[in-house]
Amino acid sequence: MAFNHPMKKPEAPKEPYKSTKKTPQLLRGMRDTLPKDDKYWRAVYGKAQELADAYGFGRIDTPILEEASLFTRAVGRQTDIVEKEMYVFEDKDGEKISLRPEATASVVRAYIQHGMLNLPQPVKLWYWGPMFRHDRPQAGRFRQFTQAGYEIIGDDSPVADAQVILVAYKFYTELGLPVNVQLNSIGTAEDRTRYKVELVNYYRANRSKLCDNCKVRLVKNPMRLLDCKEEGCQPIKENAPRILEFLAEESRKHFMSLLEYLDELSIPYFLNHTLVRGLDYYTKTVFEIWPEPFTPKAEPVAPVDAGPGAVLSVSGAVADETPIVIKEKEPKEAEEAKMPAQVALCGGGRYDLLVEELGGRPTPACGVAPGIERAVQQLRMRQLAVPEINKHELFVAQLGELAKRKALVLFEMLRLEKIPAAEAFSKGSLKFQLEAANEKKIPYALIIGQKEVIDKTVIIRDMDSGIQETVDFQKVVSAVKRKIGRE
Ligand code: AMP
């Protein structure tokens, strides 16, 4: 069969389409995930699921909408999440509801509501889904983002804390990301009461040097003083009293055994006395996992897919008005400049009081929530390999109406054998189809033209050498299976 078939005349370039209607835009801080990123999302989801299965976490899905009071009670009224960032509104029945800003509270609600207290403990649950926080968008921070989460409910032993940290650590390292664990204990409520007296005294003595936010924190939520990122507050923070020194015997023992488990598992960690986490429900262990520093090769660029309205300052902090100089780059390089240096990939800890706070029997628990957008960003930024999706091994090409019918059937035969094939059924030109196969670096094309329809055959073309052979239509699947090493 000849391939220099008479071709259609190339079409004249089209005038760009001008609409009189305005296209609705993405909301600020929201983003679309496009097919080009799907391989990363699949790799990350696959790892999250694989680890859940391996460590015995059962899947739970809770709704995106919950009573607003669930989060006010669980996360805490004075926290940034509830006070400033929660999407709350009244529904048509006048009920105050919220888009979930996180899922631990929902998982605990479900644990109580479905009587999981009566199952053999601990109950190990995992989830994956969108969370919503009306925060100021910036690189790596969105208003809708995805979290996976692993919760162990009904276990007060530090081995549960160790397992949660292990799962999170493996999640990143097995995806190829170099990370480190930042660890602290914030003790029990009693430990914190003792500690807060010292902390407040110390900060009061330094009040004049504090940023405005810290002055408010000093009154409203002193533990959050240690969370401040303002340059001027850093020396004060560094020299602040350390909570580990205020832990009572029980909290101290818990923390020491956790460290022993982590040593045994060879999980590297850093004790970080300023890590307190922004949610009220934590007790004892708190931790975050941070990416190891990565030196970008590219110049700073705009955060191309950080979502509309997101602006990155040179330091990585939020800049409200002026974006840094924008230079168009390949998206891969653009990613490199986006992440602030010390951005947490996940956060977690122990929350021994939460089940009781939400109306259940006192039940200790701990968990972790990895942020998925940040994991994907890291994979892309570091150009780490993830499995390709639809790595086609064959291209099904056709010429003529009858051939197209047979090609559709052949494509189905291949699909049933799970042989990934590409096609361009809407195209008539064989040249176009073979060029497409070449572009996608597909090793073999299966071609059906008018002659092949009559002869009930298919041409197998080796795209590298151009060598072709004709095989019986019924035998083509087994013939290509041999060629691509599937037999
Ligand atoms: P948190 O629930 O605040 O402890 O956050 C746990 C993880 O979720 C963080 O370490 C991030 O990876 C991710 N995360 C939290 N907030 C956002 C956000 N606004 N945008 C993107 N990821 C987020």
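Residues numbered from 1 in each chain as written. Predicted model: local features only at pLDDT ≥ 70, side-chain atom pairs only at ≥ 80, totals over all residues. Heavy atoms only, no water.

## Observations regarding helix 6 (residues 189–205)
Item 1. With 17 residues, helix 6 should cover 24 Å at 1.5 Å per step; its first-to-last C-alpha distance of 24 Å lies within 8% of that length.
Item 2. Tucked inside the fold, the buried residues of helix 6 contact helix 7 (212–220), helix 8 (234–238), helix 9 (249–264) and strand 9 (283–291). (Helix = DSSP H or I, 4+ residues; strand = E, 2+ residues; numbered from the N terminus. Expected span 1.5 Å × (residues − 1). Contact = heavy atoms within 4.5 Å.)

## Describing the side chain of Thr 146
Item 1. Along the polypeptide, Thr 146 turns up in strand 6 (residues 144–153).
Item 2. On the basis of relative accessible area, Thr 146 is assigned to the buried category, the value being 12%.
Item 3. Among residues more than four places away in sequence, those in contact with Thr 146 are Trp 41, Trp 128, Gly 129, Pro 130, Pro 370, Gly 371, Ile 372 and Glu 373. (Buried < 20%, exposed > 50% of the residue type's maximum accessible area, 1.4 Å probe, protein only.)

## Details of the sheet that holds strand 8 (residues 269–271)
Item 1. The eight strands lie next to each other as 1-5-6-11-10-9-7-8, forming an open sheet whose pairing is mixed. Across the chains shown, the open sheet's two edge strands, defined by having one partner strand only, are strand 1 (58–59) and strand 8.
Item 2. Note that strand 10 (residues 346–350) and strand 11 (residues 365–370) share five bridges and pair antiparallel. Bridge pairing in strand 11 links Gly 347 to Ala 369. (Pairing = 2+ DSSP bridges.)

## Here we look at the site of the ligand
Item 1. Around the ligand sit 14 residues in total, of which Arg 133, Phe 142, Gln 147, Arg 277 and Leu 345 are the nearest.
Item 2. Here Cys 346 contributes a backbone N or O atom positioned 3.3 Å from an oxygen atom of the ligand.
Item 3. Contact distances for the ligand include 3.4 Å between an oxygen atom and a backbone N or O atom of Gly 371.
Item 4. When the ligand sits alone it has 470 Å² of accessible area, and the protein chains cover 91% of it.
Item 5. Listed by contribution, the elements that provide at least two residues to the shell around the ligand are strand 6 and strand 10.
Item 6. In terms of residue class, the shell around the ligand is built from six nonpolar, four polar and four charged. (Near = heavy atom within 4 Å. Polar contact = N/O pair within 3.5 Å; in protein donor to acceptor, adjacent residues only side chain to side chain. Areas by Shrake-Rupley, 256 points an atom, 1.4 Å probe, with all protein chains shown as cover. Nonpolar A, V, L, I, M, F, W, Y, C, P; charged D, E, K, R; others polar.)

## A closer look at the packing of helix 1 (residues 38–54) against helix 12 (residues 372–381)
Item 1. Between helix 1 and helix 12, whose axes approach to 10 Å, the crossing angle comes to 120 degrees. The angle between the axes of helix 1 and helix 12 places the two elements in the oblique class. As for the relative orientation of helix 1 and helix 12, their crossing is right-handed in sense. In this structure, helix 1 contributes Tyr 40, Trp 41 and Val 44 to the contact, and helix 12 contributes Ile 372, Glu 373, Val 376, Leu 379 and Arg 380.
Item 2. Of the residues assigned to the contact of helix 1 with helix 12, the class counts are six nonpolar, no polar and two charged. (Axes fitted to C-alpha atoms, helices over the stretch in contact; angles between N-to-C directions. Parallel < 35°, antiparallel > 145°, perpendicular 65-115°, else oblique. Left-handed = near helix turned anticlockwise from the far one by under 90°.)

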